[in-house]
Amino acid sequence: MALPDYTALALKDLKTYLDEGVLVVLIDRAKHKNTFNGNIADELQEVFELADRDHRVRVVILSAEHTAAAYCSGADISGGWSALWDKDDQQEGGLAHRDGGGKVTLTIYNCRKITIAAVNGHAVGFRSLVTFIAGVGMTALQLPFDLRFVWAGAKLTFPFIRRGIVPEAASSYLLPRLIGQSRASSLFLTGGTFSPNSPQIQSLYHDILPTREEVFPKALALAKELAVHAAPKSVTYTKGLIQHPGDNIEENHLLDSRAIKILASGKDAAEGARSFFERRPPRWQDTSEDKEEWYPWWKRVDVRHRRSKL
Amino acid sequence: MALPDYTALALKDLKTYLDEGVLVVLIDRAKHKNTFNGNIADELQEVFELADRDHRVRVVILSAEHTAAAYCSGADISGGWSALWDKDDQQEGGLAHRDGGGKVTLTIYNCRKITIAAVNGHAVGFRSLVTFIAGVGMTALQLPFDLRFVWAGAKLTFPFIRRGIVPEAASSYLLPRLIGQSRASSLFLTGGTFSPNSPQIQSLYHDILPTREEVFPKALALAKELAVHAAPKSVTYTKGLIQHPGDNIEENHLLDSRAIKILASGKDAAEGARSFFERRPPRWQDTSEDKEEWYPWWKRVDVRHRRSKL
Amino acid sequence: MALPDYTALALKDLKTYLDEGVLVVLIDRAKHKNTFNGNIADELQEVFELADRDHRVRVVILSAEHTAAAYCSGADISGGWSALWDKDDQQEGGLAHRDGGGKVTLTIYNCRKITIAAVNGHAVGFRSLVTFIAGVGMTALQLPFDLRFVWAGAKLTFPFIRRGIVPEAASSYLLPRLIGQSRASSLFLTGGTFSPNSPQIQSLYHDILPTREEVFPKALALAKELAVHAAPKSVTYTKGLIQHPGDNIEENHLLDSRAIKILASGKDAAEGARSFFERRPPRWQDTSEDKEEWYPWWKRVDVRHRRSKL
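Criteria and thresholds
- Residues numbered from 1 in each chain as written.
- Chains lettered and ligands numbered in written order.
- Predicted model: local features only at pLDDT ≥ 70, side-chain atom pairs only at ≥ 80, totals over all residues.
- Heavy atoms only, no water.
- Least-squares fit on C-alpha atoms with pLDDT ≥ 70 in both.
- Contact = heavy atoms within 4.5 Å.
- Salt bridge = Lys/Arg side-chain N within 4 Å of Asp/Glu carboxyl O.
- Buried < 20%, exposed > 50% of the residue type's maximum accessible area, 1.4 Å probe, protein only.
- Buried area = accessible area lost by both parts, 1.4 Å probe.
- Polar contact = N/O pair within 3.5 Å; in protein donor to acceptor, adjacent residues only side chain to side chain.
- Helix = DSSP H or I, 4+ residues; strand = E, 2+ residues; numbered from the N terminus.
- Nonpolar A, V, L, I, M, F, W, Y, C, P; charged D, E, K, R; others polar.
- Expected span 1.5 Å × (residues − 1).
- Axes fitted to C-alpha atoms, helices over the stretch in contact; angles between N-to-C directions.
- Parallel < 35°, antiparallel > 145°, perpendicular 65-115°, else oblique.
- Pairing = 2+ DSSP bridges.

Engineer: Summarise the relation of the copies chain B and chain C; cite the residues concerned and give the values.
Structural biologist: Structural alignment of chain B on chain C gives an RMSD of 0.0 Å, achieved by rotating through 120° and translating 0.0 Å along the axis. Considering both components of the superposition, the chain copies are consistent with a three-fold axis. If distances are taken from each C-alpha of chain B to the rotation axis, the shortest is found for Gly180(B), at 3.7 Å. Mapped onto chain C, only 2% of the interface residues of chain B again fall at the interface, so the copies present different surfaces.

Pasting the structure below:
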């Protein structure tokens, strides 16, 4: 594909740029308190799909201006719930509905690069303008990422049962796997507001920083280091193994044996050892985007209406 | 169904009453150190089944007198293990046996309301009367609940391997899911006694209180708040999604999309947003008990002998 | 089988002895910085298979000299990656490869006795001799064990993505189950070096000790206590339930009901209660090795080439 110029993409609600192998994606709706709407959902999918296929992108960071009212203050429901819904879906009837946050979640979760959420503000809704309600800032914009950094003062909430709906964006799949069902139930079934250092939620975060200003630079520093040191194909296979392990330990042994065989027969395993011993940065040659017979080893489920089998 | 008067139920080992949408269930066998027996197992199933079907009940709390010797000191095996077993089951042979604690676990886990265990005393057995042995106070009376509150001084143990049996009451299913297999193995395979603040067990608890007296009131306060603010049908669907997620993230996206579509097309989603903006308590209309085509979306397994397929 | 004399086994890289029901296995390659190679892999499988079938062995501990450079400093790849591979496998082509660390993992995970890793040194590689690379000391030599003790000063790392391969030895199956996918992703996808008390890794450990000297004695003391107090058949069934729970809570209820019925009909359940009340050590009669119709209740997967179905 033609490689995109990320600073020149026609985006309304996001700012993007490439920095030493790291694609930086910033939510750019501060004047709307970084609410989530149909357009930002589309743009996030577009950007993460580009990143997935672009070999120059090793890591993707999502963040926001640390001076904005929030990292994301949730979905804009000033037009009612259904204003957020896909028009075509609605015409096809009840079974066709696909949650917009969930589409974003799937795109980010399936991205073959390392993904980092740098949560440098609240992830709650505001009543001050009667158009904001929380949720998606905790779900699609945090849970499908590989790593999460957060400001210690952030207010975090999964408010769904207090608004008459359910946890969206595949969060009921992700949260119990990420931090266990005990903590997930505490968060989902109280709908309470938690700080990152609360025992209920802290295991969700790779790092918790004292000020809003520190969150993005700290995440970016790790991202840049990984952009150099993490072998792209290793990342892709490792994410595949985490997300799609064997059904039992023996099957997993067969899967990771095969992954090791493929990788150790390539150039990067030798380069990984050599660069380690020579105390120099590695020069990787394999990429995440190479087509090959074996990967992905699981069957992708098509969620489009009339192709899924719910 | 005719709505029960919970203060007038014919119960021998439990005390029950309804308090602002919260069904309070108190273990009332202090003179027997709150041991577990066949009768209390039956009564717990009866009460949680009533709660499941009664739209007035939004939350169920299980607790005990904080002055009792224990929250629950385990099964009374003074008559031998088999005295705890169902007579009919035994006549049908080995495959017919159904663990009594497990029947209680299933009833509580499948209850569509929010369930809270307020563990205001030890969950260990006592040797002082040679009739008590620990276990079920940690398993059926804690693990199937959505939230657990506990006294920081409680002694907690899963003693099964030290008694020649195995973890009962589906605890080998629940504990690893709730807190991860590393912690679950520490608890099950040492059979040791732990305090709530021990790293091995603390993630089991929503809140840990310094005194026995504080546990029930703190749990009740949250229960009453949730009885008002948590939409009943949202609770039921959310519990369903936590307990029965999709087999993969795409399938979960289909499930939660459908749940959101159903709920957002109802009255409570609009009321959830409106009451939030109007800073007033919501007035929910949908209930957990409504029959509908879609829920439950999973297949319930019949565990009765000759109907199950073990 | 003829019972082995563990002090007389023909082992090159391990030292073994039986101490009050505890089989002690010490990595004995200090002059090679306790690196992992094909021979030690074979010896570990041999020893854990013996332990699995020997009724005198109730608990197995793996440890190292606390004065060695490391607990295990990883695989010796001085001969290249493929020098670690099984010659026969390689002749059969790509699908035949079986990761050596994974074979060790499977043997330890499937051992019917309690297994403890006493990690009294680093689990990282060294550059000082250009032959060492980390990994297996964190994976096969820690994750398949039931309990892990560690020195607080140990350096721990899952370096795979920084070496151009993937997490080996079924670690992508085990780590997310043991500590949750959030923590597992932090470890696998940064490849960073962590201390045992770091929030990212601490839930992997049953106990964290301040000095290297304390780790093995503390683990041995618990091992000896469990060798007396843990009923062997209870241990085997409990491990089976943790590793192979029901697909849903109802199925698990059927499984543990059956396990309880079998065990409570035997001698050890009565002895477990009696010894508890009589305040004396139990005298167990059932063993882990007894053949019986029901156990194992799951289907073992054969991972040998041409017998597996990857």
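Engineer: Give me the lowdown on the pattern of salt bridges, citing residues and values where you can.
Structural biologist: For the coordinates displayed, the defined rule picks out 39 salt bridges over all chains. Among the ionic pairs, Asp302(A) bridges to Arg304(A), the shortest N-O distance being 2.8 Å. The partly exposed category is assigned to Asp302(A), whose relative accessible area is 26%. The salt bridge involving Glu271(B) is made with Arg280(B); its shortest N-O contact spans 2.7 Å. Both residues of the pair, Glu271(B) and Arg280(B), count as buried. One salt-bridge network, in which partners are shared between bridges, spans Glu271(A), Arg274(A), Glu278(A) and Arg280(A).

Engineer: A description of the interface of chain A and chain B should follow, citing residues and the corresponding values.
Structural biologist: Counting from both sides, the interface comprises 52 residues of chain A and, opposite them, 55 residues of chain B. Interface of chain A and chain B: buried area, both sides summed, is about 4,700 Å²; carbon and sulfur atoms make up 66% of it. Where chain A packs against chain B, one counts one salt bridge. With its nearest N and O atoms 2.7 Å apart, the salt bridge here joins Glu225(B) to Arg162(A). There are 16 residue pairs in polar contact (both at pLDDT 80 or more) connecting chain A and chain B. Among the elements of the structure, helix 3 (100-109), strand 6 (132-133), helix 4 (171-179) and helix 5 (181-190) of chain A are those that each provide at least two residues to the side of chain A that touches chain B. If one sorts the elements of the side of chain A that touches chain B by residue count, helix 5 of chain A sits on top with eight residues. Tallied by class, residues from the side of chain A that touches chain B come to 26 nonpolar, 18 polar and eight charged.

Engineer: Which residues make up helix 1 (residues 38-53) of chain A, and what are the values?
Structural biologist: Residues and elements named next belong to chain A. In this model helix 1 runs 23 Å from its N-terminal to its C-terminal C-alpha over 16 residues, within 8% of the 22 Å that 1.5 Å per residue would give. All of the buried residues along helix 1 are Ile40, Ala41, Glu43, Leu44, Gln45, Val47, Phe48, Leu50, Ala51 and Asp52. Where helix 1 is buried, its residues meet strand 1 (14-19), strand 2 (22-27), strand 3 (59-64), helix 3 and strand 5 (114-119). Between a side-chain oxygen at the N-terminus of helix 1 and the backbone nitrogen of asparagine 39 the separation is 3.2 Å; the capping residue is asparagine 37.

Engineer: A description of the packing of helix 4 of chain A against helix 5 of chain A should follow, citing residues and the corresponding values.
Structural biologist: All names here are of chain A. In the contact formed by helix 4 and helix 5, the axes pass within 7 Å of each other and the chain directions differ by 135°. Classified by the angle their axes make, helix 4 and helix 5 are oblique. Of helix 5, the residues touching helix 4 (which contributes Ser171, Ser172, Leu175, Pro176 and Ile179) are Gln181, Arg183, Ala184, Leu187 and Phe188. In terms of residue class, the contact of helix 4 with helix 5 is built from six nonpolar, three polar and one charged.

Engineer: Got a sec to walk through the packing of helix 8 (residues 249-264) of chain A against helix 3 (residues 100-109) of chain C? Specific residues and values, please.
Structural biologist: It is the contact of helix 8 of chain A with helix 3 of chain C, at a shortest axis distance of 10 Å, that shows an interaxial angle of 175°. Classified by the angle their axes make, helix 8 of chain A and helix 3 of chain C are roughly antiparallel. Contacts between helix 8 of chain A and helix 3 of chain C pair Ile249(A), Glu250(A) and His253(A) from the former with Gly102(C), Lys103(C), Thr105(C), Leu106(C) and Tyr109(C) from the latter. By residue class, the composition of the contact of helix 8 of chain A with helix 3 of chain C is three nonpolar, three polar and two charged.

Engineer: Quick rundown of the relation of the copies chain A and chain B? Include the residues and the values.
Structural biologist: Between chain A and chain B, which share one sequence, the superposing operator has a rotation angle of 120° and an axial displacement of 0.0 Å; the RMSD is 0.0 Å. Interface residue correspondence from chain A to chain B reaches only 2%, placing this contact among heterologous pairings that use different surfaces.

Engineer: Would you mind going over the environment of Asp256(B) in detail, with residue names and values included?
Structural biologist: Relative to the helices and strands, Asp256(B) resides in helix 8 (residues 249-264). Sequence-wise, Asp256(B) and Tyr237(B) are 19 residues apart; in three dimensions their C-alpha atoms are separated by 8.9 Å. What Asp256(B) contacts, discounting residues up to four positions off in sequence, is Asp99(A), Val166(A), Pro167(A), Glu168(A), Ala169(A), Ala170(A), Ser171(A), Ser172(A) and Leu241(B).

Engineer: Can you lay out the environment of Gly101(B) for me, pointing to particular residues and giving the numbers?
Structural biologist: All names here are of chain B. With respect to the helices and strands, the residue glycine 101 is situated in helix 3 (residues 100-109). A sequence separation of 70 residues divides glycine 101 from serine 171, and the C-alpha atoms of the two residues are 9.7 Å apart. Apart from the residues within four sequence positions on either side, glycine 101 is in contact with Phe36, Val136, Ala140 and Ala169.

Engineer: Quick rundown of the sheet that holds strand 7 (residues 147-151) of chain B? Include the residues and the values.
Structural biologist: All names here are of chain B. Taken in spatial order, the six strands make up an open sheet running 1-2-3-5-7-10, and their pairing is mixed. Looking at which strands have only one partner, the edges of the open sheet turn out to be strand 1 (14-19) and strand 10 (207-209). In this sheet, neighbouring strand axes are inclined to one another by 15° on average, regardless of whether the strands run parallel or antiparallel.

Engineer: So what about the sheet that holds strand 10 (residues 207-209) of chain A? Which residues, and what values?
Structural biologist: Residue and element names in this part refer to chain A. Pairing is mixed in the open sheet, where six strands are placed in the order 1-2-3-5-7-10. The outermost strands of the open sheet, each flanked by one partner alone, are strand 1 and strand 10. Strand after strand, the sheet turns through a mean of 15° between neighbouring axes, direction not considered. Strand direction decides the pairing type here: strand 1 and strand 2, joined by six bridges, are antiparallel. Opposite tyrosine 17, over in strand 2, you have valine 24 as the bridge partner.

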